[in-house]
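Each chain is listed here by its residues.
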Amino acid sequence: LADGQARAGACRLTLAVSGHSIRARHTVNRETIISRVLARPADLSDSSSGLHGEPYFQAIFAMEMARVRRSGEPLTVGILGIGNRPPTAGSADSPPGERVVGEVGTLIRRHIRELDIATHSGEGLFPLILARTSAELAQKAGERIRAAIETSSGGQITVSVGLASFPEDGLDEVSLSAPTEVVE
């Protein structure tokens, strides 16, 4: 998805999302790239959660990885998974409904910074990009989000948060795309 190698002081970034592609120098901001790459409104947001959709996450993730390779700043990605607590003890979690997904989307937006990215990829999964955030701070943020959701639902929604940080857990998109540290 991205070529984040620095060449002659510039970063060549190639994004291919929804059949569109763009090459840009690192001075182009994320809104410019997103507006060109994700021209269709359906790619920008998920109607059930009110958050950005999966293509937005992929585009921003590639850009953030290119940025942190240049700057050396920390970056943490995460996956927040939710489920409805079953009414009977001992049975498995059931998938969350659209109303629950919308409420969780609202709570996530309230508990992240403006520079962070929250998306919804379906089936109760919410990928997150926590820019300029170390593993230690990301764990605190994950716990804060988890507690807010579980408290707001009166304990009826279960939450797990998996986190992976640059550079501690990996130096590329592949190693960071599978968060391993779980906050429950």
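Residues numbered from 1 in each chain as written. Predicted model: local features only at pLDDT ≥ 70, side-chain atom pairs only at ≥ 80, totals over all residues. Heavy atoms only, no water.

## Some words on the nonpolar core
Alright, step 1. Formed by 21 residues in total, the largest nonpolar core has its most connected members in Leu80, Ile82, Val104, Ile108, Phe126 and Ile149.
Alright, step 2. Top element by residues in this core is helix 4 (residues 98-110). It accounts for five residues.
Alright, step 3. In contact with Ile108, other than residues within four places in its own chain, are Leu80, Ala118, Phe126, Leu128, Ile145 and Ile149.
Alright, step 4. Judged by nonpolar contacts, the second largest core, of 13 residues, contains Tyr56, Phe61, Met65 and Phe166. (Core = buried A, V, L, I, M, F, W, Y, C linked by side-chain atoms within 4.5 Å. Buried < 20%, exposed > 50% of the residue type's maximum accessible area, 1.4 Å probe, protein only. Helix = DSSP H or I, 4+ residues; strand = E, 2+ residues; numbered from the N terminus. Contact = heavy atoms within 4.5 Å.)

## What about the packing of helix 4 against helix 5 (residues 135-152)?
Alright, step 1. Across the interface, helix 4 lies against helix 5 with an axial gap of 10 Å and an inter-helix angle of 140°. One element, helix 4, and the other, helix 5, form an angle in the oblique class. Classified by chirality, the crossing of helix 5 by helix 4 is right-handed. Across the interface between the two elements, Val104, Leu107 and Ile108 from helix 4 touch Ile145, Ala148, Ile149 and Ser152 from helix 5. (Axes fitted to C-alpha atoms, helices over the stretch in contact; angles between N-to-C directions. Parallel < 35°, antiparallel > 145°, perpendicular 65-115°, else oblique. Left-handed = near helix turned anticlockwise from the far one by under 90°.)

## Things to note about the pattern of salt bridges
Alright, step 1. Going through the model one piece at a time under the given rule, you end up with eight salt bridges.
Alright, step 2. Put simply, Glu73 and Arg67 hold a salt bridge, and the shortest N to O gap is 2.2 Å.
Alright, step 3. The class for Arg67 is buried, based on a relative accessible area of 14%.
Alright, step 4. Between Arg99 and Glu103 there is a salt bridge, with its nearest N and O atoms 2.6 Å apart. Placement of the pair is Arg99 and Glu103 together in helix 4, with a separation of four residues, close to one helical turn.
Alright, step 5. A relative accessible area of 36% means that Glu103 is categorised as partly exposed. (Salt bridge = Lys/Arg side-chain N within 4 Å of Asp/Glu carboxyl O.)

## What about helix 5?
Alright, step 1. In this model helix 5 runs 26 Å from its N-terminal to its C-terminal C-alpha over 18 residues, within 8% of the 26 Å that 1.5 Å per residue would give.
Alright, step 2. By the burial criterion, the buried members of helix 5 are Ala135, Ala138, Ala141, Gly142, Ile145, Arg146, Ala148, Ile149 and Glu150.
Alright, step 3. Where helix 5 ends, the next residue or the one after it, Gly154, has phi of about 65°, a positive value. (Expected span 1.5 Å × (residues − 1).)

## A few points about the layout of surface pockets
Alright, step 1. Computed from the structure, the second largest pocket encloses a volume of approximately 190 Å³.
Alright, step 2. Lining the second largest pocket are eleven residues, and of these His52, Arg109, Ile112, Asp116 and Ala118 lie nearest its centre.
Alright, step 3. Within the lining of the second largest pocket, the residues separate by chemical class into four nonpolar, three polar and four charged. (1 Å grid on protein atoms, 1.4 Å probe; cavity = no way out; pocket = protein on both sides within 12 Å on 5 of 7 lines; lining within 4 Å. Points joined across faces, edges and corners; volume = space filled by probe spheres on them. Nonpolar A, V, L, I, M, F, W, Y, C, P; charged D, E, K, R; others polar.)

## With respect to the environment of Gly124
Alright, step 1. Mapped onto the elements of the fold, Gly124 is located in the loop between strand 6 (117-118) and strand 7 (125-131).
Alright, step 2. Here the alpha-carbon distance between Gly124 and Ser49, two residues 75 residues apart in the chain, equals 9.7 Å.

## Considering the side chain of Arg146
Alright, step 1. Mapping Arg146 onto the fold places it in helix 5.
Alright, step 2. Separated by 2.4 Å, the side chains of Arg146 and Glu143 make a polar contact. (Polar contact = N/O pair within 3.5 Å; in protein donor to acceptor, adjacent residues only side chain to side chain.)

These figures capture arrangement, not role.
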